[in-house]
Amino acid sequence: MHIIVAVVFTWLGCLVNGVFLETLIKHVPSCGHVITFAQFLLISIEGFIFTAKFGTVKPKVPLREYGILVAMFFVVSVINNYALYFNIRMPLHLIFRSGSLVANMALSILMLKRRYTLSRYISVLMITCGIILCTLASGKQLKEEEEMLHHDWYQVLRWYAGIAMLSVSLLLAARMGIYQEVFYAKYGKIPRESLFYTHALPLPAFAFFASDIYSHVLIFNQSEPLTMSFLPFSLPKFWVYLVAVLASQYPYKQYGGPNARSEVRKTGITHA
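These numbers were taken from a predicted model, which means no experiment stands behind them. (Residues numbered from 1 in each chain as written. Predicted model: local features only at pLDDT ≥ 70, side-chain atom pairs only at ≥ 80, totals over all residues. Heavy atoms only, no water.)

Looking only at helices and strands, the protein has 11 helices and 2 strands in total. Written out in order from the N terminus, the α and β elements of the protein read α-α-α-α-α-α-α-α-α-β-β-α-α. A total of 272 residues make up the protein; the buried ones form 43% of that total. Once local pairs closer than 6 in sequence are excluded, the contacts in the protein between residues at least 24 apart make up 80%. Carbon together with sulfur atoms contributes 71% to the accessible area of the protein, which is approximately 14,600 Å² in total. (Helix = DSSP H or I, 4+ residues; strand = E, 2+ residues; numbered from the N terminus. Buried < 20%, exposed > 50% of the residue type's maximum accessible area, 1.4 Å probe, protein only. Contact = heavy atoms within 4.5 Å. Areas by Shrake-Rupley, 256 points an atom, 1.4 Å probe, with all protein chains shown as cover.)

What follows is the structure, given as structure tokens:
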């Protein structure tokens, strides 16, 4: 039952999240860092209140043991959002990230010595072929647009850089899933605690992006006011879009986030 709930909430969250995220990226393509910071901050606040009980509940796992998991999760999150600045369209971004199946399978074979049924290999191969075709079609479309406009091949090179970033993120995410399996085998399943600390511990690292985050806060503040019937005042529309992104991603974080990834991965690809 939990898996069904996880799939439903993840699907709905991703669907709504993709719409608002694409809308925000179209207006401010470089806002990846402020989105990532807001996501981490929201989950950290929620976890500090309801999981850590304002610091009165001690973690079951020593904080030093979260080091590798936190580092990988932080890097993956930053790369995924920042890649949108490199001419990566949202549909391609979503489809490309679904390629984690082949990355997970490859690393599981190499590192965990797992073997899968023939049907699993065929399924992953078909999905991978679809991702490759979508990526090639997106690249061809971008090249045609640049040729029609002003022959700016720099934008095409940026697209290749974005694809490289997503590829690195894909491999890191797969490696993180394997690490989580080992982590949970050692300490047991602690999804709420792990969710909180994987978001709270990296917060100081955003100091490296402080100037970028601040500049985008100013951009958001200066965006066109958006009036909503249920509010007696208007809000800058970029902040409304960001709130919608965070609200739609919250179910995913709760049910299908980094702490459930290894469980979903084992369910989606059952080793023989």
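One finds Leu24, Cys31, Ile35, Tyr66 and Phe220 to be the most contacted residues of the largest nonpolar core, which totals 36 residues. When residues of this core are traced back to their parent elements, those giving at least two are helix 1 (2–27), helix 2 (32–50), helix 3 (67–82), helix 7 (153–187), helix 8 (191–200), helix 9 (210–221) and helix 10 (237–255). At 6 residues, helix 3 tops the list of elements feeding residues into this core. Residues contacting Phe220, with those up to four places away along its chain left out, are Leu24, Val28, Cys31, Val34, Pro236, Phe238, Trp239 and Leu242. (Core = buried A, V, L, I, M, F, W, Y, C linked by side-chain atoms within 4.5 Å.)

Any two aromatic rings considered together are summarised by their centre-to-centre distance and by the angle between their planes. A full pass over the atoms with the stated rule returns 21 aromatic pairs. Measuring from ring centre to ring centre gives 5.8 Å for Tyr82 and Tyr85, while their planes differ by 35°; the resulting arrangement is tilted. With centroids separated by 5.7 Å and ring planes inclined at 65°, the aromatic side chains of Phe220 and Phe238 adopt a geometry described as edge-to-face. Of this pair, Phe220 sits in helix 9 while Phe238 is found in helix 10, placing the two residues 18 residues apart along the sequence. Across this residue pair, the class does not change: Phe220 and Phe238 are buried. Taking the ring centre of Tyr85 as reference, the NZ or CZ of Arg158 above it sits at 4.8 Å. Taking NZ or CZ as reference, Arg158 lies 5.4 Å from the ring centre of Phe86, over its face. (Phe/Tyr/Trp six-rings, centres within 6.5 Å; stacked < 30°, edge-to-face > 60°. Lys NZ or Arg CZ within 6 Å of the ring centre and 35° of its normal.)

Our focus in this paragraph is the packing of helix 5 (residues 100–111) against helix 7. Helix packing geometry: the angle between the two helix axes and the distance between the axes. Interaxial distance between helix 5 and helix 7 falls to 9 Å at its minimum, and their mutual angle equals 50°. As the angle between them shows, helix 5 and helix 7 are arranged oblique. Considering the relative orientation of helix 5 and helix 7, their crossing is right-handed. Of the residues in helix 7, those touching helix 5 at Ser100, Ala103, Asn104, Leu107, Ser108 and Met111 are Leu170, Leu171, Ala174, Arg175 and Ile178. Here the residues of the contact of helix 5 with helix 7 are counted per class, giving 7 nonpolar, 3 polar and 1 charged. (Axes fitted to C-alpha atoms, helices over the stretch in contact; angles between N-to-C directions. Parallel < 35°, antiparallel > 145°, perpendicular 65-115°, else oblique. Left-handed = near helix turned anticlockwise from the far one by under 90°. Nonpolar A, V, L, I, M, F, W, Y, C, P; charged D, E, K, R; others polar.)

As a further point, take helix 4 (residues 90–97). Where helix 4 is concerned, the buried positions are Met90, Leu92, His93 and Phe96. Along the long axis of helix 4, the arc covered by the buried residues comes to 160°, so they all point the same way. (Arc of directions from axis to C-beta.)

Within the fold, Glu193 resides in helix 8. Although Glu193 lies buried, it forms no salt bridge, and the closest oppositely charged side chain, Lys60, sits 5.9 Å away as judged by the N-O distance. A polar contact of 3.2 Å, which involves the side chain of Glu193, links it to the backbone nitrogen of Val61. Non-local contacts of Glu193, meaning those with residues more than four positions away in its chain, are made with Thr51, Pro59, Lys60, Val61 and Tyr66. (Lys, Arg positive; Asp, Glu negative; His and termini not counted. Salt bridge = Lys/Arg side-chain N within 4 Å of Asp/Glu carboxyl O. Polar contact = N/O pair within 3.5 Å; in protein donor to acceptor, adjacent residues only side chain to side chain.)

Bringing the confidence of the model for the protein into the picture now. Parts of the prediction with low pLDDT should not have their coordinates interpreted in detail. When pLDDT is averaged along the protein, the result is 83; 86% of the residues meet or exceed 70. Model confidence for the protein, summarised as mean pLDDT per element, is weakest for helix 11 (residues 261–268) at 39 and strongest for helix 9 at 97. Ignoring residues within four places in sequence, the model shows residues 259–272, a span with pLDDT below 50, making 39 contacts including any to other chains. (pLDDT = per-residue confidence, 0-100.)

Here the structure, examined in full by the defined rule, presents 4 salt bridges. Across the salt bridge formed by Glu65 and Arg64, the nearest N and O atoms sit 4.0 Å from each other. Owing to a relative accessible area of 23%, Glu65 belongs among the partly exposed residues under this scheme. Between Lys237 and Glu224 there is a salt bridge, and its shortest N-O distance comes to 3.6 Å. Note that Lys237 is positioned in helix 10 and Glu224 in the loop between helix 9 and strand 1 (225–227), a separation of 13 residues in sequence.

Our focus in this paragraph is the side chain of His216. Relative to the assigned elements, His216 resides in helix 9. Separated by 2.7 Å, the side chains of His216 and Ser30 make a polar contact. Not counting residues within four places of it along the chain, the set of residues in contact with His216 comprises Val28, Ser30, Cys31 and Val34.

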